[in-house]
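# Per-entry structural report
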Amino acid sequence: MSTAVLSKRRLGPGRPVPYGWALGPLLLIALWVVGSGVGLIDARTLPAPWTIAGTAGDLIADGRLQSNLATSAQRAVLGLVFGVVAGLLLAVVSGLSRLGEGIVDGPVQIKRAIPSLALIPLLILWFGIGETMKVITIALGVLVPVYIHTHNGLRTIDNRYAELAETVRLTRLQFVRHVVLPGALPGFLLGMRFAVTAAWLSLVVVEQVNATSGIGYMMELARTYGQTDVIIVGLVVYGLLGLVSDALVRLVERRTLAWRRTLAG
């Protein structure tokens, strides 16, 4: 094996570490356990992991955690689906048409600059404080990253593919199916990683606005009664949901884009 090849391999990140995604969270938990065990962490500020585990067990035993988790998951999934569909459609319209870009891109960029939290008072006036407002808020948070990254993926497709499609007389639908969507897939999947995170972040916000169920409502109620351990359980659930959903998107990305040779290996 040549020296050049060996040097090239050393410059890369190396082989994938089995379950490497879990190393960071496990290290944090280890520091938490040690800090709580030796008394460096005040239990009134941050309860010990075994206290949190006991509280989670109690919440599961009386069914509160499962019920609130099911409600939160339903809101997040609905908002994610509507946001992804809307963002993808807008990206295709904007990416394939200069007129479409002129109409669509400006409003999306304006929304990008406005935090979803700032829109909640207006959405409450328009849709009330029910489920519709919550799902729309999540969908708006999801729409932007899906649109931005898919649109960028569309615009970076090599123009020679369009010329080839014209040469072989592909229809507009065939062009979208065989050239546009595969070419925009890497950007779309990157946008999905940001979208699932945005969905959970938006969920945290909307579930603390006049909600009567959900993980966020459970945490807000715990804050009222000073139950720090219940709040930590809610945060852990949110963190696990975000970690698992991101891992699923990354798995789909690796399987779908296995043909690409990148540093990710």
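All residue numbers refer to positions counted from 1 along the written sequence of the respective chain. Given that the model is predicted, a residue must reach a pLDDT of at least 70 before its local features are reported, and side-chain atom pairs must reach 80 or more before they are shown or counted; all residues, however, enter totals for whole chains, interfaces and linings. Only hydrogens and water are set aside; all other atoms, that is, all heavy atoms of the structure, feed into the side-chain values.

### Details of a nonpolar patch on the surface
A cluster of nonpolar residues, V77, L78, V81, F82, V85 and L89, forms a patch on the protein surface that exposes about 540 Å² of accessible area. When you line up the elements, V81 lands in helix α4 (residues 64-96). Here the term patch refers to residues with relative accessible area over 30% and no salt bridge, with like charges joined within 9 Å and nonpolar side chains (Val, Leu, Ile, Met, Phe, Trp, Tyr) within 5 Å. Residue exposure ignores everything except the shown protein chains as possible cover, and the areas themselves are Shrake-Rupley values with a 1.4 Å probe. A pair is scored as a salt bridge if a Lys or Arg side-chain nitrogen falls within 4 Å of a carboxyl oxygen belonging to Asp or Glu. Under the scheme used here, helices are H or I runs from DSSP no shorter than 4 residues and strands are E runs no shorter than 2 residues, and both carry numbers assigned from the N terminus.

### Structural notes on the nonpolar core
Here, nonpolar core refers to any group of buried Ala, Val, Leu, Ile, Met, Phe, Trp, Tyr and Cys residues whose side-chain atoms link them within 4.5 Å. For the exposure calls, accessible area comes from a 1.4 Å probe over protein chains only, and a residue counts as buried if that area is under 20% of its type's maximum, exposed if over 50%, partly exposed in between. The biggest cluster of nonpolar side chains holds 35 residues, and the ones touching the most others in it are L65, V142, V146, M192, L203, I215 and V233. Counting only elements with at least two residues in this core, the list comes to α3 (49-61), α4, α6 (116-127), α7 (131-155), α9 (172-206), α10 (215-224) and α11 (228-256). Every residue in contact with M192, bar those within four places of it in the chain, is listed here: V84, V146 and V249. The next biggest cluster of nonpolar side chains, apart from the first, holds 15 residues, and it includes A91, Y147, A162 and A165. In what follows, a contact means two residues having at least one pair of non-hydrogen atoms within 4.5 Å.

### Here's the deal with the side chain of H151
Mapped onto the fold, H151 is located in helix α7. Using a relative accessible area of 11% as the deciding quantity, one classes H151 as buried. We define a polar contact as two N or O atoms separated by no more than 3.5 Å, with the added condition that, inside protein, one atom must be a possible hydrogen donor and the other a possible acceptor, whereas residues neighbouring each other in sequence contribute only through side-chain atom pairs. Looking at H151, its side chain comes within polar contact range of the side chain of S94, at 3.3 Å. A polar contact is formed between the side chain of H151 and the side chain of E101, at a distance of 3.4 Å.

### Observations concerning the pattern of salt bridges
Tallying each qualifying case throughout the model produces 9 salt bridges. In this structure, the salt-bridge partner of R250 is D246, at a minimum N-O distance of 4.0 Å. Of the two residues, R250 and D246 both sit in helix α11, 4 residues apart, roughly one turn of that helix. The class of R250 is partly exposed, set by a relative accessible area of 34%. Each of R75, E131 and E207 takes part in salt bridges that share partners, so that together they form one network.

### Some thoughts on the environment of L240
Position of L240 among the secondary structure elements: in helix α11. Owing to a relative accessible area of 49%, L240 belongs among the partly exposed residues under this scheme. L240 sits 43 residues away from T197 along the chain, and the two C-alpha atoms are 11 Å apart.

### Describing the side chain of S72
Mapped onto the elements of the fold, S72 is located in helix α4. From its side chain, S72 meets the backbone nitrogen of I215 in a polar contact 2.8 Å long. What S72 contacts, discounting residues up to four positions off in sequence, is L203, E207, G214 and I215.

### Things to note about α3
Since the α-helix advances by 3.6 residues per turn, residues separated by three or four positions end up pointing in the same direction. Under the convention used throughout, the expected extent of a helix is 1.5 Å for every residue step, that is, one less than its residue count. Between its first and last C-alpha atoms α3 spans 18 Å; for 13 residues at 1.5 Å apiece the expected length is 18 Å, and the two agree. Those residues of α3 not exposed but buried are P49, I52, T55, A56 and L59. Buried residues of α3, viewed axially, fall in a sector of 120°; they line one side. Within α3, the exposed residues directed more than 90 degrees away from the buried face are W50, D58 and A61. Where α3 is buried, its residues touch α2 (23-37), α4, α10 and α11. Just beyond α3, the residue with positive phi is G63, at close to 85°. It is the directions from the helix axis to the C-beta atoms that the arc portrays.

### Description of the packing of α4 against α9
Where α4 contacts α9, the two axes come as close as 9 Å, and the packing angle between them is 140°. Looking at the two axes, α4 sits oblique to α9. For the element pair α4 and α9, the recorded crossing hand is right-handed. For the pair formed by α4 and α9, the contact residues are S72, R75, A76, L80, V84, L88 and L96 on the first element and R172, F175, V176, V180, F188, M192, A195, V196, A199, W200 and L203 on the second. Grouping the amino acids of the contact of α4 with α9 by side-chain chemistry returns 15 nonpolar, 1 polar and 2 charged. Fitting a line to C-alpha atoms yields each axis, with helices limited to the stretch in contact; the angle taken between N-to-C directions then spans 0 to 180 degrees. Any angle that is under 35 degrees is reported as roughly parallel, and any over 145 degrees as roughly antiparallel; angles of 65 to 115 degrees are reported as roughly perpendicular and all others as oblique. For any pair of crossing helices, the crossing counts as left-handed if the nearer helix is rotated counterclockwise from the farther one by less than a right angle, and right-handed if it is rotated clockwise. Ten residue types, Ala, Val, Leu, Ile, Met, Phe, Trp, Tyr, Cys and Pro, are classed as nonpolar, four, Asp, Glu, Lys and Arg, as charged, and the remainder, Gly among them, as polar.

### Considering the confidence of the model for the protein
With 91% of its residues at a pLDDT of 70 or more, the protein shows a mean pLDDT of 84. For the protein, helix α1 (residues 3-11) is the element with the lowest average pLDDT, namely 55, and α3 is the one with the highest, namely 92. Think of pLDDT as the predictor's per-residue confidence, scored from 0 to 100.

### Thoughts on the packing of α3 against α11
Axis separation between α3 and α11 bottoms out at 9 Å; the angle between their running directions is 80°. The orientation of α3 relative to α11 falls into the category roughly perpendicular. Mapping the contact onto sequence places I52, T55, A56 and L59 in α3 and D229, V230, I232 and V233 in α11.

### Examining the environment of V236
By secondary structure assignment, the location of V236 is in helix α11. As a C-alpha pair, V236 and Y161 span 75 residues in sequence and 46 Å in three-dimensional space.

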